[in-house]
Amino acid sequence: QEPPTKKRKLTKSPELIDEEQSQEEQDATKADKTKKKNKCNLGRNCNKQSCFDHLRKPDYERYIKDKLFSLQLTSDILRHPDTPYCGLKNLGATCYINSLIQFLFAIPSFRDVVIECEDTQDEILRNLRELFIRMQATQLSYVDPEAFVKSLRVRTDQEQDVEEFRKLFFNHLEKSPKLADIIKKLFAGEMRHVIKCHNCDQESESSAKSYTFYEILLNIQKKKNLEECLTAFFEKEELTNDNQFFCSTCCSKQDALKYTVISSLPPVLFFAIRRYNYDIETLTRQKIESSFKMPVEIDLSYVLNQSSS
């Protein structure tokens, strides 16, 4: 019987170990430099809607790659941080839907909450989430929102009012507690309708009540720009003659001043413009096609200060 063979332990020479360690250090340093180069250092202050780090996922690259197969995306069309904004295909008369989706997508905190709704069973929210991921991930000039629009059950050949659509859309999204919370934080403001007696200079009891609003609805007929619309919306109205106000302090009808004040503005303020008017003669809705200018900035301090004047 032959004696058992002794197992020999193979060892590497010190020179080979040093060479391998040196190569590993070089690779690690190179990978670290690449990571730092591509890393967004702005974090929550980043304004790039296309920035991968802006989603604030712990492992975004792995997260997005896990979704590529189901969304039919490939790694060669992933968006670069410097790639311009991604458009949405118009499916006929769906520009009102596209404009609202682009608006909501451009709000980072809203976009983050939608994308974080991974386990939702809601068809509309699920398709909205996938659409946001496409818009965030792809470097294509536009994406097709067909799946999302189909889930809305709307006619693609019929144009609708975007504000009416926004209300219905928000009502549906608010079924999710997370989205209900972010919608209120971003878009909810407070306003008061004030009636002030000229005789005693006191406000009516109902004037103290605040109302939650999600938009300021503006009539643009015969108006050229936003400033003219806001002036008309917050214009003070004199209640006189047959339209006098019954003052509980004076216990009689008195001349009064009626106006609207904003108690608090939301972080994101919707200006909903009425593009449609109802024609009594034809019994149809008519679209206002006149030009309307929107300023880059608007000062609403005069509205907020009215409550103290």
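Structural data are supplied above this passage.
What you see is a predicted model, and the numbers here were worked out from it, not measured in a lab.

(A) Region of interest: the overall build of the protein. Broken down by element type, the protein carries 10 helices and 12 strands. Among the 309 residues that make up the protein, the fraction classed as buried is 36%. Taking all contacts inside the protein whose residues are at least 6 apart in sequence as the whole, residues at least 24 apart take part in 68%. Of the roughly 20400 Å² that the protein leaves accessible, carbon and sulfur atoms contribute 49%.

(B) How the structure looks around the nonpolar core. Residues Ile101, Phe110, Leu128, Phe132, Phe148, Phe169 and Phe187 are the most contacted members of the largest nonpolar core, which totals 36 residues. Looking at this core, the elements with two or more residues in it are helix 3 (95-105), helix 4 (108-116), helix 5 (123-137), helix 6 (146-152), helix 7 (162-173) and helix 8 (177-187). Per-element accounting of this core gives the leading share, 7 residues, to helix 5. With residues up to four places along the chain from it excluded, the contact list for Phe187 reads Phe103, Leu104, Ile107, Phe110, Phe170, Phe213, Tyr214, Pro266, Val268 and Phe270. Within the second largest apolar cluster, 14 residues are counted, among which are Phe213, Leu226, Phe234 and Phe292.

(C) Expanded view of the packing of helix 4 against helix 8. Two elements in contact, helix 4 and helix 8, have axes separated by 10 Å at closest approach and are oriented at 175°. What the angle tells us is that helix 4 and helix 8 run roughly antiparallel. Of the residues in helix 8, those in contact with Ser109, Phe110, Val113 and Val114 of helix 4 are Lys178, Leu179, Ile182, Ile183, Leu186 and Phe187. Each residue belonging to the contact of helix 4 with helix 8 can be placed in one class, and the counts come to 8 nonpolar, 1 polar and 1 charged.

(D) Inspection of the environment of Thr284 at higher detail. Tracing the sequence through the fold places Thr284 in strand 12 (residues 284-287). A relative accessible area of 33% means that Thr284 is categorised as partly exposed. Contact partners of Thr284, with chain neighbours within four places excluded, come to Asn277, Tyr278 and Asp279.

(E) Unusual backbone geometry, seen in detail. You will see that Asp201, though not glycine, has its phi angle at about 60°, which is positive. One non-glycine residue with positive phi stands out, namely Lys222, at about 65°. You can see Lys222 is positioned in the loop between strand 5 (216-219) and helix 9 (226-233).

(F) Seen up close, helix 9. Of all the positions in helix 9, only Leu226, Cys229 and Leu230 are classed as buried. One side of helix 9 holds all its buried residues, which, seen down the axis, span an arc of 95°. As for helix 9, its buried residues are in contact with strand 5, strand 10 (271-274) and helix 10 (301-304). Where helix 9 begins, one side-chain oxygen reaches toward the backbone nitrogen of Glu227, 3.3 Å away; that side chain belongs to Asn225.

(G) Local environment of the sheet that holds strand 3 (residues 189-197). Spatially, 4 strands are ordered 4-3-9-6 in an open sheet, and the strand pairing comes out antiparallel. The two strands at the open ends of the sheet, each matched to only one other strand, are strand 4 (211-213) and strand 6 (237-239). Going across the sheet, the axis of each strand differs from the next one's by a mean of 35°, ignoring polarity. In this sheet, strand 9 (residues 256-264) lies alongside strand 3 in antiparallel orientation, the contact comprising 8 bridges. Within strand 9, the residue paired with Glu190 across the bridge is Ser264.

(H) Expanded view of the packing of aromatic side chains. Using the criterion set out here, one finds 10 aromatic pairs in the structure. Ring geometry for Phe103 and Phe270: centres 5.0 Å apart, planes at 50°, overall tilted. Here the residue Phe103 occupies a position in helix 3, and Phe270 occupies one in the loop between strand 9 and strand 10, the gap between them amounting to 167 residues. You can call Phe103 partly exposed: its relative accessible area is 32%.

(I) The environment of Ile133, seen in detail. Tracing the chain through its elements places Ile133 in helix 5. Take Ile133: its relative accessible area is 3%, and that puts it in the buried class. The spacing of Ile133 and Ile115 is 18 residues in sequence and 7.0 Å in space, taken between C-alpha atoms.

(J) Fine view of helix 8. Of all the residues in helix 8, the buried ones are Leu179, Ile182, Ile183, Leu186 and Phe187. Here the buried residues of helix 8 occupy an arc of 105° about the axis, which is enough to place them on one side. Residues of helix 8 that are exposed and angled more than 90 degrees away from the buried face: Pro177, Lys184 and Lys185. Among the structural elements, helix 3, helix 4, helix 5, helix 7, strand 3 and strand 4 are those in contact with the buried residues of helix 8.

What counts and what doesn't
Residues numbered from 1 in each chain as written. Predicted model: local features only at pLDDT ≥ 70, side-chain atom pairs only at ≥ 80, totals over all residues. Heavy atoms only, no water. Helix = DSSP H or I, 4+ residues; strand = E, 2+ residues; numbered from the N terminus. Buried < 20%, exposed > 50% of the residue type's maximum accessible area, 1.4 Å probe, protein only. Contact = heavy atoms within 4.5 Å. Areas by Shrake-Rupley, 256 points an atom, 1.4 Å probe, with all protein chains shown as cover. Core = buried A, V, L, I, M, F, W, Y, C linked by side-chain atoms within 4.5 Å. Axes fitted to C-alpha atoms, helices over the stretch in contact; angles between N-to-C directions. Parallel < 35°, antiparallel > 145°, perpendicular 65-115°, else oblique. Nonpolar A, V, L, I, M, F, W, Y, C, P; charged D, E, K, R; others polar. Arc of directions from axis to C-beta. Polar contact = N/O pair within 3.5 Å; in protein donor to acceptor, adjacent residues only side chain to side chain. Pairing = 2+ DSSP bridges. Phe/Tyr/Trp six-rings, centres within 6.5 Å; stacked < 30°, edge-to-face > 60°.

These figures come from the coordinates and say nothing about function on their own.
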